[in-house]
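Here is how the chains run, residue by residue.
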Amino acid sequence: MIEKLFTKIANRVAHLAGLSPTFALCCLIVIVWGVSGPLFAFSDTWQLVINTGTTIITFLMVFLIQNTQNRDGAAIQAKLDELIRVSAAKNTFIGIEHLTEAEVQEIRAKCERAAKRHDEKIATMAAKKAFAQKRGAKKSAA
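Definitions and cut-offs
- Residues numbered from 1 in each chain as written.
- Predicted model: local features only at pLDDT ≥ 70, side-chain atom pairs only at ≥ 80, totals over all residues.
- Heavy atoms only, no water.
- Helix = DSSP H or I, 4+ residues; strand = E, 2+ residues; numbered from the N terminus.
- Rg over C-alpha atoms; globule rule 2.2 N^0.38 Å.
- Axes fitted to C-alpha atoms, helices over the stretch in contact; angles between N-to-C directions.
- Parallel < 35°, antiparallel > 145°, perpendicular 65-115°, else oblique.
- Contact = heavy atoms within 4.5 Å.
- Nonpolar A, V, L, I, M, F, W, Y, C, P; charged D, E, K, R; others polar.
- Salt bridge = Lys/Arg side-chain N within 4 Å of Asp/Glu carboxyl O.
- Buried < 20%, exposed > 50% of the residue type's maximum accessible area, 1.4 Å probe, protein only.

J.: Give a detailed account of the overall build of the protein, specifying residues and quantitative values.
T.: When helices and strands are tallied, the protein shows 4 helices and 0 strands. Along the protein, from the amino end to the carboxyl end, the secondary structure elements read α-α-α-α. Here the protein has a C-alpha radius of gyration of 29 Å; the compact-globule value for 142 residues is 14 Å, and the former is much larger. Projected onto the principal axes, the alpha-carbon positions of the protein cover approximately 95 × 45 × 30 Å.

Structure, rendered in structure tokens:
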């Protein structure tokens, strides 16, 4: 119950925070605060208002946005895992996000080496085919 409510609030706040009118409103608040400086003689209290307000908003937004990103990342990972599961790809890649950074880097290096070998194989086959076609064209011309 509380988790669903938090998720709903986090999604809504994250969505609203990313809108251009929200940015414009924040700019307006800062401009009004800046223009009001002479009215309050640029006092410590005047400065404290903006500092406290922005600190509180930033502090809360960090948690809301992180929650949203965590869920988005987990959803994308689940979708990718399902695509891997139903395809000809290696199922051993499912769940690698839970490995250490070093383990993931090792898997990534293996994938890059395999891709390079594949690219080299394709290039070699293409070169042989082009050479054979060129040779065939010379024979038919003679």
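J.: Account for the packing of helix H1 (residues 2-17) against helix H3 (residues 44-86), with residues named and values stated.
T.: Helix-helix packing is characterised by the crossing angle of the two axes and by the distance between the axes. Where H1 contacts H3, the axes come no closer than 9 Å and their chain directions differ by 105°. On the basis of the axis angle, H1 is roughly perpendicular to H3. Listed contacts from H3 to Phe-6, Thr-7, Ala-10, Asn-11, Val-13, Ala-14 and Ala-17 of H1 are Met-61, Leu-64, Asn-67, Thr-68 and Arg-71. Per-class residue counts for the contact of H1 with H3 are 7 nonpolar, 4 polar and 1 charged.

J.: Summarise the pattern of salt bridges; cite the residues concerned and give the values.
T.: In the structure shown here, the tally under the stated rule is 3 salt bridges. Among the ionic pairs, Glu-82 bridges to Arg-85, the shortest N-O distance being 2.6 Å. Within this pair, Glu-82 and its partner Arg-85 are both found in helix H3, separated by 3 residues, close to a single helical turn. For Glu-82, a relative accessible area of 38% corresponds to the partly exposed category. The exposure class of Arg-85 is partly exposed, given its relative accessible area of 48%. Between Lys-110 and Glu-106 there is a salt bridge, with its nearest N and O atoms 3.7 Å apart. Highlighted residues: Lys-110 and Glu-106, both in helix H4 (residues 101-141), separated by 4 residues, approximately one helical turn.

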